[in-house]
Structure formats: structure tokens, C-alpha cells
Amino acid sequence: MPRKPLAPSPLPIKAPLAGFLRLRCRIFLCIVPFTFLLCTCAPDGMPADMVLVAAGPFRMGLNDARVDADERRVHIVELSDFYIDKYEVTNAQFAQFIEATGYVTRAEEEGAEEREDGISWRYPEGRQVDMSGRREHPVVYVSWYDARAYCAWRGKRLPSEAEWEKSARGMDGRLFPWGKTFAAGRANVWGEEDGFASTAPVGQFALGGSPYGVDDMAGNVWEWCEDWYGEEYYSGRPEVDPQGSVEGRFKVLRGGAWINRWNVVRATNRFKILPVERSGFVGFRCVKTP
Ligand SMILES: [Ca+2]
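Residues numbered from 1 in each chain as written. Predicted model: local features only at pLDDT ≥ 70, side-chain atom pairs only at ≥ 80, totals over all residues.

Caption draft 1: Quick look at the overall build of the chain. When helices and strands are counted, the chain shows six helices and nine strands. Within the span of the chain, comprising 290 residues, buried residues form 37% of the whole. Expressed as a percentage of contacts within the chain between residues at least 6 apart in sequence, the contacts between residues at least 24 apart total 71%. (Helix = DSSP H or I, 4+ residues; strand = E, 2+ residues; numbered from the N terminus. Buried ≥ 20, exposed ≤ 12 C-beta atoms within 10 Å, placed from the backbone. Contact = placed C-beta atoms within 7 Å.)

Quick look at the structure:
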């Protein structure tokens, strides 16, 4: 049985038209490799392990009476281009920072290393727990100041709350990075059914990425944002590149963590803690302005 040809046979072409098409073809062949080169090269300055969130509007917030008032209502926010880390910052990456700069985290500065449990980013579960297998887990027990110092060292910064939310849910108003409803096995939340009793190495959930390909935006660890928290910020916020309240007491955390139930890790949820605080379920990722 004859096979179906992969492409239809060429139609006969009249001589003058053939000459014109040959010329067009030469131009096309000259342009195509150049175009291909442009398409396959990363944009100028694209940093490793970051993705571009292209400029444009998105729907921020949620219209649902069951959530806290600070999360309501939906409003359109316009953001400029930015890059965001595909993964949460890991223990291995944070160790590079410490080694290169000699930076001392808040927990260490305040003597946590001397306390009996010795809890810090180096030993988030105490000195007795071996950390050798956790190089690719998100770093925890970092304050907002520690997170900010790391990002600055990388030539980056912490995301604004709006940048974080757009990276997590894209432009169609979805509630979770992958879609409208929670789906088990796409994020590290409370319980071991997802395979992890506490933090998971970054990038473990192949179907858990956001529309931009950013991983672990739901669950694993809460993530520091640059913004001061403002309870009523949504009602009077600027509509273009909002930067959070001018001043405040708390910094914003987003995304939920391994200690939270599924409904807490929704992309619109806003949480807040003091910038000096740190815990075993708070980490971060960085962004960069092109
Ligand atoms: Ca879990």
C-alpha cells in the first residue's frame, strides 16, 4: 500500500514567475537562518534559571466572600517586563552567597548557633538532623533582610507582590499556577501524599508550573516579597507597577507552604510577618528588571 506523501507535489510554475520566486527564495533563505538565530537565542541579558514575564496587564485579587477582605477584589494591574527565578533559592545557592560574602544571617547574628537547638538556615531542624541531602531544598530560616541581601548579591531583587502574583497565575485569573482548582500531586502541601513531609527539593512537580513555567509557586515554602503589607492596599493602589504600601510593620509573604492545607496555597492569598522573622516554612526567590 503506497504511503501518503509527507508533502504535496509542487505545482508547475511558469518561467517568469519561477524566476521571481527563485529571487524570493534566495532572500528567504538568507533571512530564515537569521530569524532562526533570533528565535533560538535568549533575549539579551536573560539570566540562567529565570523566565521572562512579558509586560502587560493581569487580574490581581479575588472576588470571593469566603476569603479575607485584604485579598478582594479583582483589579487590573499593568506590569513592565521582568525576569523571575524559575525555582525557589536553594540551600546550595545560599551557601554560595555565604561563602562568597561572609554574610551572617539574622538568626546566626542573634546567637541561634549558640543555642541548644542551633536552628538557622544551616540547621533548620536542629544540628542533629543531617542536611547533606538537602542542597536542592529551598533555603529557610532566612529573614526578609537575608533574602534581600542574597538577591542583591545576585544582581537581583525581591519581587513586588504584584510581580509575584502575575508570575504565579498568568493573565487569565486562575487561582492556582496550573488552573482554576487545586489538583493533588502538583504542589507540596500539608501531608505526605504528595511525597514530602516537609520541604521538597525545588522543581519536583512537573505539572505544577505556572503559565510562565515558574515552579513551586503554590506550596513548598512561603516566599518573601519586597512590599510592605497594606491591609487596604488593593483599594487605593497604583495600577501600573505597584510597589506596596509606602510604610508598614509587616512584609508580604505569598504562595503557602508545606505546612498548609491546599486552599491556603491559592495564588491570591496574602500573608504577612515581621521582616526580622524566619521559620522553617519561609523562603524566597528573586526577580530582575531587564
Ligand atoms: Ca507535603
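Caption draft 2: Quick look at the nonpolar core. Within the largest apolar cluster, 52 residues are counted, with the highest numbers of intra-cluster contacts made by Val140, Ala147 and Trp224. Among the secondary structure elements, those contributing two or more residues to this core are β1 (50–53), β3 (75–79), β4 (82–85), α4 (144–153), α5 (161–169), β5 (222–228) and β6 (251–254). With four residues, α4 is the single largest residue contributor to this core. Contact partners of Val140, with chain neighbours within four places excluded, come to Trp121, Pro124, Thr199, Val221, Ser279, Gly280, Phe281, Val282 and Gly283. (Core = buried A, V, L, I, M, F, W, Y, C linked by C-beta atoms within 7 Å.)

Caption draft 3: Up close: the sheet that holds strand β8 (residues 282–283). The strand order across the open sheet formed by four strands is β7-β6-β5-β8, and the pairing between neighbours is mixed. Single-partner strands in this sheet number two, and they are β7 (270–273) and β8. Inspection of the sheet shows β6 paired to β7 by four bridges, in the antiparallel sense. Counted as the bridge partner of Lys251 is Ile273 from β7. (Pairing = 2+ DSSP bridges.)

Caption draft 4: Molecular detail of the environment of Arg278. With respect to the helices, strands and loops of the structure, Arg278 is situated in the loop between β7 and β8. In contact with Arg278, other than residues within four places in its own chain, are Arg106, Ala107, Tyr141, Val142 and Ser143.

Caption draft 5: Just α5, in detail. Burial within α5 is extensive, with nine of its nine residues counted as buried. Buried residues of α5: Glu161, Ala162, Glu163, Trp164, Glu165, Lys166, Ser167, Ala168 and Arg169, and no others.

Caption draft 6: Layout of the sheet that holds β4. Within the open sheet, the three strands sit side by side as β1-β4-β9. Their pairing is antiparallel. Among the strands making up the open sheet, the edge pair consists of β1 and β9 (287–288). Bridge count between β1 and β4: four bridges; the pairing is antiparallel. Directly across from Val51, in β4, lies its bridge partner Ile84.

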